[in-house]
Amino acid sequence: MKKKEELENLKQECQGCMKCELGKTRNNIVFSDGNPETAKAILIGEAPGENEDKTGTPFVGRAGKLLNEFLEKTGIIREKDLYIINTVKCRPPKNRVPSDDEKAACEKYLLKQIEIINPKVMIFCGATALKSFYDKKIQISKIRGEVLELEIGSKKRKCIPIFHPSYLLRYHSLEEGSPRNLMLKDLNKIKNLID
Ligand code: URA
């Protein structure tokens, strides 16, 4: 079966999901964005926000727009190079961080998406994504930009944590060592890994 078909079947399964409380308040599941046939990296964010819940597409609000700007600056093509998902498929009320139980309920879908796409690189975008797969106590600022070899599903994968764009909305400087400057460096590194 082609990747697109497999993912479409999984999406159908997801549509009616009521495995956690988030199913009661969502308007739409936010399954993914990107081209499964050409994507070389999976980018995992935290959770859908208001705009994502309305549209069913990840990273379309303010944070998503800033992410797009950074991708453009580094030559990563969102529609071609990335397959974008979140740790959970449904919006947590008031945009709170998803709970461990909610993430666990959604994990089956996430792992299946990773298996089907089989990306060269996994990008953990922000602390919630990082903590879903790695040491819960580590700070993103201490480990961002490092290439980690982690067992995900039953396969070793290259994973890189990066800052979440919502964090970058608070900082505007591009000077050496600033959050935006580090984000550009990390995305350039990712670009080299996927090329
Ligand atoms: N923030 C996220 O982590 N994911 C989205 O899809 C939107 C905002």
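Our subject is the structure that appears above.
To keep things clear, this report deals only with the structure shown in the data block. (Residues numbered from 1 in each chain as written. Predicted model: local features only at pLDDT ≥ 70, side-chain atom pairs only at ≥ 80, totals over all residues. Heavy atoms only, no water.)

One way to put it is that helix H1 (residues 3-15) packs onto helix H6 (residues 100-117) with a least axis distance of 10 Å and a crossing angle of 175°. Taken together, H1 and H6 sit at an angle that is classed as roughly antiparallel. Residues Lys3, Glu6, Leu7, Leu10, Glu13 and Cys14 of H1 touch H6, and the partners they reach there are Lys108, Tyr109, Lys112, Gln113, Ile116 and Ile117. Split into classes, the residues belonging to the contact of H1 with H6 amount to 6 nonpolar, 1 polar and 5 charged. (Axes fitted to C-alpha atoms, helices over the stretch in contact; angles between N-to-C directions. Helix = DSSP H or I, 4+ residues; strand = E, 2+ residues; numbered from the N terminus. Parallel < 35°, antiparallel > 145°, perpendicular 65-115°, else oblique. Contact = heavy atoms within 4.5 Å. Nonpolar A, V, L, I, M, F, W, Y, C, P; charged D, E, K, R; others polar.)

This part takes up the site of the ligand. Gly45, Glu46, Ala47, Glu52, Pro58, Phe59, Asn86 and His164 make up every residue found near the ligand. Coverage of the ligand by the protein chains reaches 91% of its 240 Å² of free accessible surface. Per-class residue counts for the shell around the ligand are 3 nonpolar, 3 polar and 2 charged. (Near = heavy atom within 4 Å. Areas by Shrake-Rupley, 256 points an atom, 1.4 Å probe, with all protein chains shown as cover.)

Turning to the packing of aromatic side chains, a few remarks are in order. Taken as a whole and judged by the stated rule, the model has 3 aromatic pairs. Measuring from ring centre to ring centre gives 5.0 Å for phenylalanine 124 and phenylalanine 133, while their planes differ by 5°; the resulting arrangement is stacked. Judged by centre distance (4.8 Å) and plane angle (45°), the ring pair of phenylalanine 163 and tyrosine 167 falls under tilted. Assessed through its relative accessible area of 5%, phenylalanine 163 is described here as buried. With relative accessibility at 27%, the residue tyrosine 167 sits in the partly exposed group. If you follow lysine 73 out to its NZ or CZ, it ends over the ring of phenylalanine 70, 5.3 Å from the centre. Just above the ring of phenylalanine 31 sits the side chain of lysine 89; from NZ or CZ to the centre is 5.7 Å. (Phe/Tyr/Trp six-rings, centres within 6.5 Å; stacked < 30°, edge-to-face > 60°. Buried < 20%, exposed > 50% of the residue type's maximum accessible area, 1.4 Å probe, protein only. Lys NZ or Arg CZ within 6 Å of the ring centre and 35° of its normal.)

Further remarks concern the pattern of salt bridges. Where charged atoms from two side chains of opposite charge approach closely, those side chains can pair. By the definition in use, this model includes 11 salt bridges. Among the ionic pairs, aspartate 81 bridges to lysine 80, the shortest N-O distance being 3.1 Å. The exposure class of aspartate 81 is buried, given its relative accessible area of 2%. Here lysine 80 falls in the partly exposed class, since its relative accessible area comes to 37%. A salt bridge links lysine 185 to glutamate 176, with the shortest nitrogen-to-oxygen separation between them at 2.4 Å. (Salt bridge = Lys/Arg side-chain N within 4 Å of Asp/Glu carboxyl O.)

Let us look at H6. Across its 18 residues, H6 extends 24 Å between first and last C-alpha, which sits within 8% of the 26 Å expected from 1.5 Å per residue. Considering bend angle alone, the principal kink of H6 is centred on cysteine 106 and spans about 45°. The set of residues buried in H6 consists of Glu102, Lys103, Ala105, Cys106, Tyr109, Leu110, Gln113, Ile114, Ile116 and Ile117. In the stretch just after H6, asparagine 118 is the one whose phi turns positive, near 50°. (Expected span 1.5 Å × (residues − 1). Bend = angle between axes of the 7 residues up to and from the residue.)

Attention now goes to the nonpolar core. The biggest cluster of nonpolar side chains holds 54 residues, and the ones touching the most others in it are Leu43, Phe124 and Ile162. In this structure, phenylalanine 124 is in contact with Ile44, Ala129, Leu130, Phe133, Ile140, Leu150, Ile152, Cys159, Ile160, Pro161 and Ile162, ignoring residues within four places of it in sequence. (Core = buried A, V, L, I, M, F, W, Y, C linked by side-chain atoms within 4.5 Å.)

Glancing now at the pairing of strand S2 (residues 41-45). Within S2, 5 of the 5 residues are buried, leaving the element largely enclosed by the surrounding structure. The two faces of S2 match: Ala41, Leu43 and Gly45 on one face and Ile42 and Ile44 on the other face are all buried. By the bridge criterion, 5 bridges tie S2 to strand S3 (residues 82-86) in an arrangement that is parallel. Its bridge partner being in S3, isoleucine 42 is matched across the sheet by tyrosine 83. Across 4 bridges, S2 lies against strand S4 (residues 121-125) in parallel orientation. Residue pairing across strands places leucine 43 opposite isoleucine 123, the latter belonging to S4. (Pairing = 2+ DSSP bridges.)

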